[in-house]
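Next come the chains, spelled out residue by residue.
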Amino acid sequence: MTVRRVSSRTLGAGAGASWPTGVVAYAAAVAVALVVLVTPAPAAAAPPYTLDERALAIASPSLVYVEVVYTGYLRDKQSSAPLRASPITFTRRCSGFVVGTGGEVITNGLCVRPAKDTAAQNALYSLGRILIAENSLEADALDRYVADNLHQSVFTGLEAAAEPDHQVYGQLGVAPTGGLTESPAIPGEVVEVLDADAGNIALVKLEQQNLPTVELASSGTLDPGASLVVVGYATDEVDPRTATYSLRSRPVKVIGTGSRGSASVYRVNEDVGIHSLGGMAIDTNGHVVGVLDNDLELPDRANRALVPMNIITALLTEAGVDSALGETDQLFRSGLDAYFAGDYETAISQLGTVIENAPVNSVAQTYRQNATELQKIEDSFSDGAGWLIWASGAAGGALMIGLVMLVVLILQRRARRRAASAQLVSPAATYPFSPVSGYPGQPTPGYPSAPAYPARQPAHEYPPAPIYQPPAPVYQPPAPTYQAPTARQGTAPDDETWPDDEIGPDPHGPDRRH
């Protein structure tokens, strides 16, 4: 009897070797992945940031919220008789920025010294609201009351020939409320004002020294299309007398030039609201390149004009103001450089000194806190890195041993199945009338042997072919939970123009309020 073995594939030949090899390769890949996951990231990685964020961080501590409170008497132009026996008070609001270590501030000229008809208009709106509160005037008649009395009224001091009194106040950081005359508001005085047609900027001196100072750009030329950031104060609240004012900024581009009287100005394509008047435009280095002013070529006269550097430097030179940075200002910039370079230890130390010398610098406080948090993350990661590497090595070794044992067991199982599948079977008949094994032929005389039909044989039961079973899921370590700090962004939300209900519209611009 001829025997034939059921054919079986040899281990390592063809497709039969692919899955064990894949298991070993997978185990190696997992071990490599473990090492990669626990390898510590380089320390002192610089945080992501934009040039605008860095520029704002440098310049924004110097922004000043400016209020000028005017007190005087409304009089009839012809008779000089007071329209009311008691004095009238109104407030003008705008932005400015510190340019000297002695508390010198550049701001808008018409903000701190309005034209006579503008002052009369502001005072009439204040008087009109008093009359409304006294039920002597209907609320919807306020604008008509001002218009009817504007051309025959004048706002003066205690005497008809005297100028009205005024007091300047400045606040840095967030101004919690308008009309504040005590700390943190800093009193000051107006030093010099350029006429509206000669530059429309003013120099104010606050009664506090060593305030955060900006750095002025050395070049006074701006090319069309130049990218800048405009910075000024704004509020979203309706009543300006009780509103909170905070810094707003927006990236802009130079779109051309214009003029205001004899002074040339640059024009930009965006603004951040009415109270940004007197604020600053800065370049990507955080240097001031212009002062925000009304663009007289626009219907709403938005603050999209920039008074150029040559006018600013001329005013400072005439007033004898040294615009050089002080030691604290230089240390502040050094601390920011360290922060943006990822040197948090240096940043924490230097910005901490800045805060001690200039507590009003809220930006230094913010970035020192950021540096402290990032330093903690790096320290905790570094302290745990050795333990993680040791643990991952042990886990990786155990995983490799387990996978090798699994492969050996599977191969042994397959070998047993192959041995069981080797069975004796009848050879296939090569001639259709050959005798079937176990049934000898009985030929009929005179006739060839007839085929003997074999009885039905039970079907031979072959052992089932081994079915591929995927290995049990291999443990995979969880993904790391550390997330790199997201880029800090320096840009504030969009602003809208909010009318100053206290002072009313400015006659120098249709529905434009100062």
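Note that the structure is predicted; figures quoted are calculated from it, not measured. (Residues numbered from 1 in each chain as written. Predicted model: local features only at pLDDT ≥ 70, side-chain atom pairs only at ≥ 80, totals over all residues. Heavy atoms only, no water.)

Here we come to the packing of helix H4 (residues 116-133) against helix H5 (residues 142-150). Put simply, H4 and H5 touch, their axes get as near as 9 Å, and they point 135° apart. In this view, H4 runs oblique relative to H5, as classed from their interaxial angle. Along this stretch, H4 crosses H5, giving a crossing that reads as right-handed. Each of Asp117, Ala120, Gln121, Leu124, Tyr125, Leu127, Gly128, Arg129, Leu131 and Ile132 in H4 lies in contact with H5, whose residues at this interface are Leu142, Asp143, Tyr145, Val146, Asn149 and Leu150. (Axes fitted to C-alpha atoms, helices over the stretch in contact; angles between N-to-C directions. Helix = DSSP H or I, 4+ residues; strand = E, 2+ residues; numbered from the N terminus. Parallel < 35°, antiparallel > 145°, perpendicular 65-115°, else oblique. Left-handed = near helix turned anticlockwise from the far one by under 90°. Contact = heavy atoms within 4.5 Å.)

Taken as a whole and assessed by the stated rule, the structure comprises three cavities of 30 Å³ or more. Each pocket or cavity is described by its volume, and for the largest cavity that value is around 50 Å³. Forming the walls of the largest cavity are Ile58, Pro61, Ser62, Pro212, Thr213, Thr328, Asp329, Phe332, Arg333, Val354, Ala358 and Asn361. With four residues, helix H7 (residues 327-340) is the single largest residue contributor to the lining of the largest cavity. (1 Å grid on protein atoms, 1.4 Å probe; cavity = no way out; pocket = protein on both sides within 12 Å on 5 of 7 lines; lining within 4 Å. Points joined across faces, edges and corners; volume = space filled by probe spheres on them.)

This part covers the pairing of strand S10 (residues 246-260). Alignment of strand S9 (residues 227-234) against S10, held across eight bridges, turns out to be antiparallel. Bridge pairing links Gly232 to Arg248 in S10. With six bridges connecting them, S10 and strand S11 (residues 263-268) associate as antiparallel partners. Across the sheet, residue Ser259 finds its bridge partner in S11, namely Ser264. The antiparallel hairpin formed by S10 and S11 contains two residues in its connecting segment, where Gly261 sits at a positive phi of about 65°. (Pairing = 2+ DSSP bridges.)

This next bit is on helix H8 (residues 344-357). An ideal rise of 1.5 Å per residue puts 20 Å on 14 residues; H8 measures up with 20 Å between its terminal C-alpha atoms. Where H8 is concerned, the buried positions are Tyr344, Ala347, Ile348, Gln350, Leu351, Gly352 and Val354. (Expected span 1.5 Å × (residues − 1). Buried < 20%, exposed > 50% of the residue type's maximum accessible area, 1.4 Å probe, protein only.)

The side chains of a regular strand alternate, residue by residue, between the two faces of the sheet. Buried residues dominate strand S1 (residues 63-76), accounting for twelve of its 14 residues. In the sheet, S1 pairs with strand S2 (residues 88-98) via ten bridges, with the strands oriented antiparallel. From the neighbouring strand, Val66 faces S2, where its bridge partner is Cys94. Relative to strand S5 (residues 165-172), S1 runs antiparallel, the two sharing eight bridges. Bridge pairing links Glu67 to Tyr169 in S5. Here four bridges tie S1 to strand S4 (residues 153-156), and the two strands are oriented antiparallel to one another. Bridging across to S4, Tyr73 finds its partner in Thr156.

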